[in-house]
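Listed below, chain by chain, are the residues.
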Amino acid sequence: MRRLAFIAPVALLALVLAGFGLGLRRDPSILPSMLIGKPLPAFALPAVRPGDAGLSSQALAGRPALLNVFASTCGPCLIEHPLLLRLKAEGVMVAGIDWKEPGAQGAAWLAQNGDPYVLAGNDPDGRAGIDLGVSGTPETFVLDRRGRVRYRQVGAITPEVWRATIQPLLARLEAES
Amino acid sequence: MVAEVGQFALILAFLLALTQAAAPLAGAHRGDLTLMALGRAAALMQAGFVALAFICLAVSYVACDFSVALVAQHANTAQPLAYRIAASWGSHEGSMLLWALILAIYGGAVARFGGTLRETLQARVLGVQGLVGAAFLGFLIFTSNPFLRLDPAPVEGVELNPLLQDPGLVSHPPLLYLGYVGFSVAFAFAVAALLEGRVDAAWARWVRPWVLAAWIPLTCGITLGSLWAYYELGWGGWWFWDPVENASLMPWLLGTALLHSALVLERRGALPSWTILLAILTFSLSLVGTFLVRSGILTSVHAFAVDPERGIWILGIIGLFTGAALILYAWRAPALQSGALFAPLSREAGITLNNLFLTVMCAVVFLGTFSPVFIELAGGDKISVGPPYYVRTFAPLAVPLLALVVFGPMLNWKRDAWPALKSRLAIPAAAAGAVALAVLAFGGWKSLVATAAISLSAWLLAGSAAIPLRRWWAGRASLGRTIRTTPPGVIGLSMAHAGLGLLLLGVAGVTAWQQDKVTTMQPGQSVAFAGRTIALQSLELVDGPNYQARQARFAVGGRFGSHELVGERRAYATSQTTEAAVHVTPLGNLYVSVGDPQDGGIVVRMWSHPLIMWIWTGGFLMAAGGLVSLSDRRLRLGAPARAPARVSQPVPAVAE
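Thresholds, definitions, all that
- Residues numbered from 1 in each chain as written.
- Chains lettered and ligands numbered in written order.
- Predicted model: local features only at pLDDT ≥ 70, side-chain atom pairs only at ≥ 80, totals over all residues.
- Helix = DSSP H or I, 4+ residues; strand = E, 2+ residues; numbered from the N terminus.
- Rg over C-alpha atoms; globule rule 2.2 N^0.38 Å.
- Buried ≥ 20, exposed ≤ 12 C-beta atoms within 10 Å, placed from the backbone.
- Contact = placed C-beta atoms within 7 Å.
- Domains from an automatic or database assignment.
- Pairing = 2+ DSSP bridges.
- Axes fitted to C-alpha atoms, helices over the stretch in contact; angles between N-to-C directions.
- Core = buried A, V, L, I, M, F, W, Y, C linked by C-beta atoms within 7 Å.
- Parallel < 35°, antiparallel > 145°, perpendicular 65-115°, else oblique.
- Left-handed = near helix turned anticlockwise from the far one by under 90°.
- Nonpolar A, V, L, I, M, F, W, Y, C, P; charged D, E, K, R; others polar.
- Expected span 1.5 Å × (residues − 1).
- pLDDT = per-residue confidence, 0-100.

Novice: Lay out the overall build of chain B in plain terms, naming residues and giving numbers.
Specialist: Per the secondary structure count, chain B includes 21 helices and nine strands. For 656 residues, the compact-globule formula gives about 26 Å, and the C-alpha radius of gyration of chain B, at 26 Å, lands near that figure. Counting only C-alpha atoms and orienting by the principal axes, one finds that chain B spans roughly 80 × 80 × 60 Å. Buried residues in chain B amount to 53% of all 656 residues. Within chain B, contacts between residues separated by at least 24 positions form 74% of all contacts whose residues are at least 6 apart in sequence.

So this is what it looks like as structure tokens:
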């Protein structure tokens, strides 16, 4: 019995070390979305680009899509911009929400840097952003064909994130019926 | 050239550390005096070569040698000289080299000044230290070499994180490391004692100065870190229960427990196996602290230079040393003599209670800090616990412990009696009661918690003052002689406990009466806040050596006197920092921090922090008390205690 008391510290240490070892694999900066696996909350946003139809949540159903939240004041958005332009050219459904600014600013920014969005809506007061749980720009949601959120990327889609996570996920979603 | 010299010095130091590990352990086992002497020589030479490597790195920084990758990543020519030197330990590789350097210095000190130790014990201590040193030097050389070259060399380097460009941060990491690494000596002593199968009063007398030598800089380092966070991070708080802060608090709590239990072991020969366990765990928690900062297992404002790869290495080092030590403990400790008996009311019992509280407090902080890791592993969500958790768990443990602090030194060793104890406690109790009444009269019933806390602090202060005073009163016939012959240890104890009282005073004041206000101000505008009027006089852009700052000048008037305050928001090439404007008085601080421009004015956030400076005064007083105690050991023991005094020499300069 007394002997056990002396062995207890080693046993505890083994538990703690195992916890640390497993814990190292997790990334504390990942913020999972509460929406994962759930349908996109309903929204209908006015147009960013003059003469455009705007963006509604229904319009995103039917095929896998990327929903990208951007703003003209956002520096990191330019990092993922070339990638989004390429995706649109490849036929991927890329939708954009111009977040927390007047649509005219977003439109001017798109005219200057190129427009990667098939569909784009303006969320001037960030209402739709609250429903989506947007914490800042850029942020990207990957949607399956039934309009459910499957992945949330906080921050720019870097080439690494694209290759390791989003590209394989999109391929899987394309294959899903 | 310089970088290559450093590289070779590091490799030689690694080989010497291996020698230092092997020779004295084998020598002690076989009773071979030559091998034991070889261990001492290896320890001294290892200290020399690690110091040479560190100097080489510092020289590369000073000379802005951007062909050294590490220099190019953490310094540029616009950075002031002092911060180029400080950048030597601002990076992962540099801070690990500093770790190894301090370890080698402690090892050298044991070799040089440990002459009065039992020969085999000294050899085994050096051997264990050599093992730890070899592990860290190997880690440096094989995974995080500070001397890697860049080809071609860049023309200009990347600046050091601006948050780290601050006088507080220049001395904060070395002090913390002096503390963390200092506990390696206690660890080595514990493992050596287990190897020898002998733990006695003499062992405790040898180990105590080393524990104290680690505890003093750690106390200073934590206090300084809290002070730095207060004025640099611009949040106006003094303790955030951030994982990295907790990482330094945990070894401090256990180190404090160790300091007390080693006292019991030294005086009465009791608690031997508990003291050994504490010595092992204290150093393990120091390693965990390093792991936390370097691995990125938790998010933290302090987690600079994060890399999971290195986390695995440090985890391996923790597993190896703690695991081996604890297995040795499970095997050898049950055979140790179980020590002397003591009555339920005695100083030994008081210190046992103190140890119990400190250990549970440490466990509470540990669980809180690592809860995100374990909750997520258990399949739960991403949850991290914040200050409310600590308020509910840590505070209820801290309050009774603080109340008990006064009892300890008043108790007699072995056994004591209630009636005598009560008469000794009468004066502190009266002081606490009087202060409680005074605070109630001033603050009313609304501040009942603050009243309780401040009277507890008065209890601590009066109780601490009573220790030397009772002694002097008893010897008042020849007062001069009594004061002269009072051992510094008694004065040190009194100072350290009084420091706790001051700390509590500050915490109580700032928690109960803190006020804050956020507003937008235009030049010429003034606002009323916490009994003062604060006017924004001017707002202009000024240039610093490597940053541009928006500088706001405020004129403050009111019943606390009038003065000027200057706050800055600094924009460095890569990021921004806030230099808060703080007006410090013993009664309380006015803290103004300047934000971003808005509506033609500027966002200003102001806090009134009553009594807050006593928090840090208390922390430094505790460290000073430790220093006074250390000088006592030197007088009584001669040679072995000179070493710790030497290692902790940087402390007084910072404490002022």
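Novice: For the overall build of chain A, give the residues involved together with the corresponding values.
Specialist: Assigned secondary structure in chain A consists of five helices and seven strands. Here the C-alpha atoms of chain A give a radius of gyration of 21 Å, more than 25% beyond the 16 Å that 2.2 N^0.38 yields for 177 residues. Of all 177 residues assigned to chain A, the portion counted as buried reaches 33%. In chain A, once contacts between residues fewer than 6 apart in sequence are set aside, the share between residues at least 24 apart is 74%.

Novice: Kindly report on the domain arrangement of chain B, identifying the contributing residues and their values.
Specialist: Residue and element names in this part refer to chain B. Along its sequence, chain B is carved into domain 1 (1-160), domain 2 (166-333 + 346-407) and domain 3 (515-613). The C-alpha centroid of domain 3 is placed 37 Å from the C-alpha centroid of domain 2. Contact residues are listed per partner, giving five residues for domain 2 and ten residues for domain 3.

Novice: Before we move on, can you summarise the sheet that holds strand E5 (residues 119-123) of chain A with the specific residues and values?
Specialist: Paired through backbone hydrogen bonds, the strands of a sheet run either parallel or antiparallel to each other. Residues and elements named next belong to chain A. Overall, mixed pairing links the five strands, which are arranged E5-E4-E3-E6-E7 in an open sheet. Whereas interior strands pair on both sides, the edge strands pair on one side only; in this sheet they are E5 and strand E7 (149-154). Averaged over all neighbouring strand pairs, the angle between strand axes comes to 20°, with direction disregarded. As judged from the five bridges shared by strand E3 (residues 65-70) and strand E6 (residues 139-143), these two strands associate in the antiparallel manner. In the sheet register, Leu 66 faces E6, and the bridge partner there is Val 142. Docked against the sheet, helix H5 (residues 159-175) engages E6 and E7, running at close to 165° with respect to E7.

Novice: Describe in detail the pairing of strand E2 (residues 526-529) of chain B, supporting the description with residues and values.
Specialist: Residue and element names in this part refer to chain B. Where E2 and strand E3 (residues 532-543) come together, four bridges link them in antiparallel fashion. Bridge pairing links Ala 528 to Thr 533 in E3. Counting the residues in the hairpin turn of E2 and E3 gives two residues, including Ala 530, whose phi is positive at 50°.

Novice: Which residues make up the nonpolar core, and what values do they have?
Specialist: Residue and element names in this part refer to chain B. Ala 13, Ala 100, Ala 186, Phe 189, Ala 190 and Ile 280 are the most contacted members of the largest nonpolar core, which has 187 residues in total. Broken down by element, this core gets its largest block of residues, 17 residues, from helix H7 (residues 167-196). Not counting the four nearest positions on each side in its chain, Ala 13 is found in contact with Gln 46, Phe 49, Val 50, Ala 53, Ala 104 and Leu 137.

Novice: I'd like to hear about the packing of H7 of chain B against helix H8 (residues 201-232) of chain B, residue by residue, with values.
Specialist: Pairs of packed helices are described in terms of their axes, by the angle between the two and the distance that separates them. Residue and element names in this part refer to chain B. One way to put it is that H7 packs onto H8 with a least axis distance of 8 Å and a crossing angle of 155°. Overall, the two elements H7 and H8 adopt an arrangement that is roughly antiparallel. Judged by the twist between their axes, the crossing of H7 over H8 is left-handed. Here the contact of H7 with H8 is built from residues that sort into 23 nonpolar, seven polar and one charged.

Novice: Pulling in residues and values, what's your account of helix H6 (residues 119-143) of chain B?
Specialist: In a regular helix each residue adds 1.5 Å, so 25 residues correspond to 36 Å; H6 of chain B covers 36 Å between its end C-alpha atoms and thus fits that length. Judged by how many residues are buried, H6 of chain B sits mostly within the fold: 18 of 25 residues are covered.

Novice: Describe unusual backbone geometry, listing the residues and the values that go with them.
Specialist: All names here are of chain B. That bond from Asp 151 to Pro 152 is cis: its omega, 0°, falls within 30 degrees of zero. Considering the arrangement of structural elements, one finds Pro 152 in the loop between H6 and H7. One non-glycine residue, Trp 241, lies in positive phi territory at about 55°. Tracing the sequence through the fold places Trp 241 in the loop between H8 and helix H9 (243-268). With 20 C-beta atoms counted inside 10 Å, the residue Trp 241 sits in the buried group. The backbone of Leu 611 sits at a positive phi, close to 65°, despite the residue not being glycine.

Novice: Talk me through helix H18 (residues 488-513) of chain B; I want residue IDs and the actual numbers.
Specialist: Between its first and last C-alpha atoms H18 of chain B spans 37 Å; for 26 residues at 1.5 Å apiece the expected length is 38 Å, and the two agree. Most of H18 of chain B sits inside the fold, with 19 of its 26 residues counted as buried.

Novice: Let's hear about the confidence of the model for chain B: which residues, and what values?
Specialist: All names here are of chain B. Across chain B, the average pLDDT comes to 86, with 91% of residues at or above 70. No element of chain B has a lower mean pLDDT than helix H21 (residues 650-655), which averages 36, and none a higher one than helix H1 (residues 2-30), which averages 95. Counting contacts from residues 300-305, a segment whose pLDDT is below 50, to residues more than four positions away or on other chains yields 15 contacts. Every residue in residues 638-656 is under pLDDT 50, and counting partners more than four places away or in other chains gives 50 contacts.

Novice: Describe the sheet that holds strand E4 (residues 548-558) of chain B, naming the residues involved and giving the relevant values.
Specialist: All names here are of chain B. Taken together, the five strands give an open sheet; going across it, the order is E2-E3-E4-E5-E6, and neighbouring strands pair in antiparallel fashion. Taken across any chain shown, the strands that pair with only one partner, and hence form the sheet edges, are E2 and strand E6 (576-579). Averaged over all pairs of adjacent strands, the angle between strand axes in this sheet comes to 25°, irrespective of strand direction.

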